[in-house]
Amino acid sequence: MPRRDPDILILILVALLITLLAIRVGNAATARTENFVVTAIDQVTADGLAQACEHYRAELARKWSGKLLAPWDSPALIEVTVDNSSGGGTTSIWIQAGRVTNIQGRWQGTRQKLIDDVVPHEVLHCVFLSALGTGNVPLWINEGVAVTAESPAERSRSTGRIIRALHTRPNPCFTMAELMSQVNYPQRADRVRLFYDQSHSLISFLLEKGGRPKLLNTIDAGIRSDKLLDGPLAAWQRTLAGAYGFRDIAHLQNDWLSWLRQGGQTNHCVGLRRLMWNWRQRSAAGPHWHQGQQCPT
Ligand SMILES: [Zn+2]
């Protein structure tokens, strides 16, 4: 048996690793549209997701601001991993002097989850902050708004979880002050989920009370409100209560709870056209988009 030199073995392993990485990078495909550069596992996936990003960008901008967004200065760079996870992603958005200058995202999930929930959620973050021209928005508003773009099925699950949480003793829900003062995501996974669910429920409640234009105007007023007097939390609470005619934030909380008890949110629908990507029947020419049922509102 010839003796194998350990240094040569290490070199072989390093070479193998480099080869594997090269194969992996070589297999990844990139699709470019006007506002997105999407990298994914293959060309069909990258093309389909880039189209979905552009579709949601236009659709959500129309819904939230009543007009199309101007093209960003540079396209958003999105890396997508298709896996069996429950879906999620992070999107970093840089804004200078009211303009979005750079967007980078890393999103993952099954193909269905990406199309139904992750892409619209993350794209709404981009559209929403572009329309406001600032990232200086409380976390609960930013996430609560983004969840409204997810599928009716996911939103129903979110509502179910918050109703179950409200019936749990001791009540695990955030107080209004806790929810509205969160600057970072909670550390525990169950608290993160609850934070999203409660934020989404509260935003849905405000949307039912006054619609998107009023919510956007209120958020704009909150951004510009004087926070030196008694701090950002009090300033935001004052702005919200005043805009929606509540005596104070406790009054707002009571109304939100009554609305939930009456099942208000279960009737709420984002009204987005439901697009389903039929992965099985896609042709060599690219993915097929199928328009599903229109939401009733
Ligand atoms: Zn989000």
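Given the structure is predicted, the values throughout are model-derived calculations rather than measurements. (Residues numbered from 1 in each chain as written. Predicted model: local features only at pLDDT ≥ 70, side-chain atom pairs only at ≥ 80, totals over all residues.)

Describe in detail the overall build of the protein, supporting the description with residues and values.
Check the secondary structure of the protein and you find 9 helices and 7 strands. When each of the 297 residues of the protein is scored for burial, the buried share is 31%. The long-range share in the protein, meaning contacts at least 24 apart out of those at least 6 apart in sequence, stands at 61%. (Helix = DSSP H or I, 4+ residues; strand = E, 2+ residues; numbered from the N terminus. Buried ≥ 20, exposed ≤ 12 C-beta atoms within 10 Å, placed from the backbone. Contact = placed C-beta atoms within 7 Å.)

Tell me about the confidence of the model for the protein, and please be specific about residues and values.
Looking at the protein, pLDDT values average 83 and 80% of them are 70 or higher. A low-confidence stretch, residues 8–25 (pLDDT under 50), is modelled with 1 contact involving residues beyond four sequence positions or located in other chains. Below pLDDT 50 for its whole length, residues 267–297 participates in 44 contacts with residues either more than four positions away or in separate chains. (pLDDT = per-residue confidence, 0-100.)

How would you summarise the nonpolar core if you had to cite specific residues and measurements?
Residues Val-38, Leu-49, Cys-53 and Val-119 are the most contacted members of the largest nonpolar core, which totals 52 residues. Sorting elements by how many residues they give to this core places helix H3 (residues 111–132) first, with 11 residues. Both domains that meet at this core, namely domain 1 (28–135) and domain 2 (142–291), each give it at least three residues. When sequence neighbours within four positions are dropped, the list of residues in contact with Leu-49 reads Val-38, Ala-40, Val-80, Leu-114 and Val-119. (Core = buried A, V, L, I, M, F, W, Y, C linked by C-beta atoms within 7 Å. Domains from an automatic or database assignment.)

Break down the sheet that holds strand E3 (residues 76–82) for me, citing the residues and quoting the values.
Strands sit in the order E1-E2-E3-E5-E4 across an open sheet of 5 strands; the sheet is mixed. Only two strands of the sheet have a single partner each, and these edge strands are strand E1 (29–32) and strand E4 (88–96). The average undirected angle you get between the axes of adjacent strands in this sheet is 10°. In this structure, E3 lies alongside strand E5 (residues 99–109), joined through 6 bridges in parallel fashion. Across the sheet, the residue bridging to Val-82 is Gly-109, located in E5. Along the sheet, helix H2 (residues 43–65) contacts E1, strand E2 (36–40) and E3; its crossing angle with E2, the most-contacted strand, is approximately 145°. Lying over the sheet, H3 contacts E3, E4 and E5, oriented at roughly 15° with respect to E4. (Pairing = 2+ DSSP bridges. Axes fitted to C-alpha atoms, helices over the stretch in contact; angles between N-to-C directions.)

If you had to explain helix H5 (residues 152–166) to someone new, which residues and values would you point to?
Taking 1.5 Å as the rise per residue, H5 with 15 residues should run 21 Å; its terminal C-alpha atoms sit 21 Å apart, in good agreement. Taken as a whole, H5 has its buried residues at Arg-155, Ser-158, Thr-159 and Ile-162. Here the buried residues of H5 occupy an arc of 100° about the axis, which is enough to place them on one side. What points out from H5, more than 90 degrees from its buried face, is the exposed set Ala-153 and Arg-164. (Expected span 1.5 Å × (residues − 1). Arc of directions from axis to C-beta.)

Go over H2, please, and point to the residues and values.
With 23 residues, H2 extends 32 Å between its outermost C-alpha atoms, agreeing within 8% with the 33 Å of an ideal straight helix rising 1.5 Å per residue. In the segment just after H2, Gly-66 is the residue with positive phi, at about 80°.

Account for the environment of His-55, naming residues and giving values.
Relative to the helices and strands, His-55 is located in helix H2. With 18 C-beta atoms counted inside 10 Å, the residue His-55 sits in the partly exposed group. Here the alpha-carbon distance between His-55 and Pro-120, two residues 65 residues apart in the chain, equals 9.2 Å.

For unusual backbone geometry, give the residues involved together with the corresponding values.
A cis amide bond, omega -5°, links Arg-169 with the succeeding residue Pro-170. Summarising the element assignment, Pro-170 is placed in the loop between H5 and helix H6 (176–181). Of note in the backbone geometry, Ala-97 takes a positive phi value of approximately 50° without being a glycine. Tracing the backbone shows Ala-97 in the loop between E4 and E5. Residue classification places Ala-97 among the exposed residues on the basis of 6 C-beta atoms within 10 Å.

Quick rundown of the packing of helix H7 (residues 189–224) against helix H8 (residues 232–243)? Include the residues and the values.
For the pair H7 and H8, the least separation of the axes is 9 Å and the interaxial angle reads 150°. Taken together, the axis directions place H7 and H8 in an arrangement best described as roughly antiparallel. For the pair H7 and H8, the crossing hand works out as right-handed. Taking contact as the criterion, the partners of Thr-218, Ala-221 and Gly-222 in H7 are, on H8, Trp-236, Thr-239, Leu-240 and Ala-243. Looking at the contact of H7 with H8, its residues break down into 4 nonpolar, 3 polar and no charged. (Parallel < 35°, antiparallel > 145°, perpendicular 65-115°, else oblique. Left-handed = near helix turned anticlockwise from the far one by under 90°. Nonpolar A, V, L, I, M, F, W, Y, C, P; charged D, E, K, R; others polar.)

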